[in-house]
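Take a look at the letters that make up each chain.
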Amino acid sequence: MKDDKKRTFRSAGWFARTDKDGFIHRSWMRGYPQDVFDGRPVIGICNTWSELTPCNAHFRQLADHVKRGVWEMGGFPVEFPVMSSGETNLRPTAMLFRNLISMDVEESIRANPIDGVVLLTGCDKTVPALVMGAASVNLPSIVISGGAMLNGKFCGQDLGSGTDVWRFSEEMRAGRMSLESFMDAQTGMSRSVGVCNVMGTASTMATMVEALGLSLPHNAAIPAPDSRRLTMCQLTGRRIVEMVHEDLTLSKILTRPAFENAIRVNGAVGGSTNAVIHLLAFAGRVGIDMTLRDWDAFGRDVPTLLDLKPSGRFLMEDFYYAGGLPAIVRALGEKNLLNKDALTVNGKSIWENCQNAPTHNAEVIRPFDKPLVESGGIAVLTGNLAPDGGVLKPSAASDHLLKHRGRAVVFETIEDYHARIADPNLDVDETCVLVLKNCGPKGYPGMAEVGNMGLPPKVLEKGVTDMVRISDARMSGTAYGTVVLHVCPEAAVGGPLALVQNGDMVELDVPARRLTLDVPAAELAKRRAAWKAPEPPMQGGYQGLYVKHVQQANIGADLDFLVGCRGSTVTRESH
Ligand code: FES
């Protein structure tokens, strides 16, 4: 740590004053000895605790352990709440609120006497929302995740959060699982505090922040109830104080090489497609030139080494015991698939942190010559059905469907899908392509995780478990299937997806990265002339603002006026 005892930190603008305003700032804090206002770093602990976000319900304890570390290093910790988002409870979709939470985070940090910030993140959207908000202020910032829950257990088998829900739901709909067993399984699935225990979006994003260098090594995989998670909180609290002394701001970590590392790591762990949108949004906040194509360029040849659900067999707990993310990073580095000099929050490069990381279980973290999937990563598809791109996760798809031509069965909305999918008269078989419209950022609104729409019962009854599905929606990171997502432009703004009709032929060619609607241009022009934009479900309030300003998924689905960094300066006093 630099000896910068003479440096004046941002918080001194509040607490070091000897006038009326300084009196007000100190006096109303209450209960602290005067010497905490001696110019020491003030550390904000941004907490997404909420009982309505059950994955983050243990965060008060985590915050207490962060505080220990801050006090130890001579800092002054102040915890503050921001809006939380629980994936399982929020309607119409938690993604609608990611950008709102990021505004809460940004304004809370900037408006307060804070010199550095610890971001306490867990359930899916709490990770990107906090990083996006902090990135737009650019103070020293460090992430500590809540960790994943223990392996689920049911009838002697391990259960993966979400992933096995989708499987059980299909089994029950196909008549192979009783309602009683289905209800029993739910109690065995979520056995401890923490986020989903598969490589879903929460664990993917915890992995992404570690790969970006925004957290201490091993943050991604230490299980939520493991005492080492509490230790990491304390170490994180210690480290943020040092970061303030070193002026190690977030933009010094979130560099282009760091993003490239994260994209490769996503391929190596079989991460969620949601990471694509969130990292594009991060890049927008810090002004890094990153495009959807970078996901294909950097992730394409990365094999998936981690054998974790939903792509593989194991769960997050197993990942930690097998060596955690440092072991994966080491494997990438040894194959020259890593920008080794990328800086991390502990002041060391990612390679210094991971070059000697051991692998303890080669079944879970597989070697390069025996990967789970040869070409992992995210496939970015373009073509006349997705001029601005769509994505597919090859590791979660079926090999035999990666090149497929089929007849479209179209659902205009998610309600239309629910109303007709189980209809025995629905003209569909396993060779068809299910197409879902109006579930994108503006159309839903909020881009719901409905892209992995369940198969028609009459197809399931034949024992078929996958079909090609295409939409402008997202998919839960816990889900799987040959599912094309994030099709841009979305249907609600008149993208070609809006023009697809029942019976059209659609061609998916993942190796060639193409998605084609086989309809003559003249016919498409006729349909476009007759197309009318759907009415948004709500005109006013936050939803109204969101629909007006949300950008398309291929550039991160941020609100247009939130893109960029606005810094930490506030010149006016409040009284
Ligand atoms: Fe919270 Fe999956 S529902 S992490």
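The residue numbering used here restarts from 1 in each chain and proceeds along that chain's sequence as written. Where local features are concerned, this predicted model is filtered to residues with pLDDT of at least 70; where side-chain atom pairs are given and counted, the filter is 80 or more; whole-chain, interface and lining totals use all residues. Based on all heavy atoms of the structure, the side-chain values leave hydrogens and waters out of the count.

A.B. asks: I tried to follow the overall build of the protein on my own but got confused; where do I start?
C.D. replies: Helix and strand counts for the protein stand at 20 helices and 14 strands. Only the C-alpha atoms count toward the radius of gyration. The rule for a globule is 2.2 Å times the residue count to the power 0.38. For 575 residues, the compact-globule estimate of 2.2 N^0.38 gives 25 Å, and the C-alpha radius of gyration of the protein, at 24 Å, lies within 12% of that figure. Expressed as a percentage of the 575 residues in the protein, the buried residues total 62%. The contact criterion used throughout is that any non-hydrogen atoms of two residues lie within 4.5 Å. The long-range fraction of contacts in the protein, counting pairs at least 24 apart against all pairs at least 6 apart in sequence, stands at 77%. To be clear on the numbers: accessible area is Shrake-Rupley with a 1.4 Å probe, and residue cover counts the displayed protein chains and nothing else. Carbon and sulfur atoms form 52% of the exposed surface of the protein, whose accessible area is close to 22,000 Å². Charge counting treats Lys and Arg as positive and Asp and Glu as negative, with His and both chain ends excluded. One atom stands in for each charge, and that atom is NZ of Lys, CZ of Arg, CG of Asp or CD of Glu. Positive and negative side-chain charges of the protein, numbering 60 and 64 respectively, have mean locations separated by a distance of 3 Å. Numbering of helices and strands runs from the N terminus, with a helix taken as a DSSP run of H or I at least four residues long and a strand as a DSSP run of E at least two residues long. Accessibility here uses a 1.4 Å probe with only protein chains present; expressed as a share of the type maximum, an area under 20% marks a residue as buried, one over 50% as exposed, and anything in between as partly exposed.

A.B. asks: Teacher, can you tell me more about the pairing of strand 1 (residues 42–47) here?
C.D. replies: Regular strands show a simple pattern: their side chains alternate between the two faces of the sheet. Buried residues dominate strand 1, accounting for six of its six residues. Strands qualify as paired when DSSP identifies two bridges or more between them. Where strand 1 meets strand 2 (residues 76–81), six bridges bridge the pair, whose relative direction is parallel. Looking at the pairing, I43 lines up with P77 of strand 2. Bridge analysis of strand 1 against strand 3 (residues 116–121) gives five bridges, and the strand direction is parallel. Paired with I43 across the strands is G116, a residue of strand 3.

A.B. asks: Help me out: how do you make sense of the environment of T482 in this one?
C.D. replies: As for its position among the elements, T482 is in the loop between strand 11 (468–471) and strand 12 (483–488). Relative accessible area serves as the criterion here: at 0%, T482 is assigned to the buried category. With 387 residues separating them in the primary sequence, T482 and M95 have C-alpha atoms 22 Å apart. Excluding residues that lie within four positions of it along the chain, T482 makes contacts with L392, A396, A397, S398, L401, D466, M467, V468, R469 and L508. From its side chain, T482 meets the backbone nitrogen of S398 in a polar contact 3.0 Å long. A 3.5 Å cut-off defines polar contacts: any pair of N or O atoms within that distance qualifies, except that in protein one atom must be a possible hydrogen donor and the other a possible acceptor, and neighbouring residues in sequence count only when both atoms are side-chain atoms.

A.B. asks: Where do I start with helix 11 (residues 256–269) in this structure?
C.D. replies: For the α-helix, the turn length of 3.6 residues means that residues three or four positions removed from each other point alike. Expected span of a helix, by definition, is 1.5 Å for each gap between consecutive residues, and there is one gap fewer than residues. Under the 1.5 Å per step criterion, the end-to-end length of helix 11 is 20 Å for 14 residues, consistent within 8% with the ideal 20 Å. Burial runs high along helix 11: 12 of the 14 residues are buried. Summarising the contacts, the buried residues of helix 11 are in contact with helix 8 (201–212), helix 10 (250–253), helix 12 (274–286), helix 13 (292–299), helix 15 (324–334) and helix 16 (350–354). Note on helix 11: the residue one or two positions beyond its end, G270, has a positive phi of about 65°.

A.B. asks: How should the nonpolar core be read in this particular structure?
C.D. replies: The nonpolar side chains of a soluble globular protein tend to be buried, and buried together. By size, the foremost hydrophobic cluster in this structure holds 122 residues, and its most contacted members are F259, W295, F319 and I328. Every residue in contact with I328, bar those within four places of it in the chain, is listed here: A268, V269, L305, L306, F319 and I365. Put simply, buried Ala, Val, Leu, Ile, Met, Phe, Trp, Tyr and Cys residues joined by side-chain atoms within 4.5 Å make one nonpolar core.

A.B. asks: Help me out: how do you make sense of unusual backbone geometry in this one?
C.D. replies: With the exception of glycine, most residues fall at negative phi, and the peptide bonds are largely trans. Across the junction of K309 and P310, the peptide omega takes the value 10°, indicating a cis bond. Considering the arrangement of structural elements, one finds P310 in the loop between helix 13 and helix 14 (316–322). Across the junction of Y444 and P445, the peptide omega takes the value -5°, indicating a cis bond. Turning to its location among the elements, P445 is positioned in the loop between strand 10 (433–436) and helix 18 (457–460). For D247, which is not a glycine, the phi torsion comes out positive at approximately 55°.

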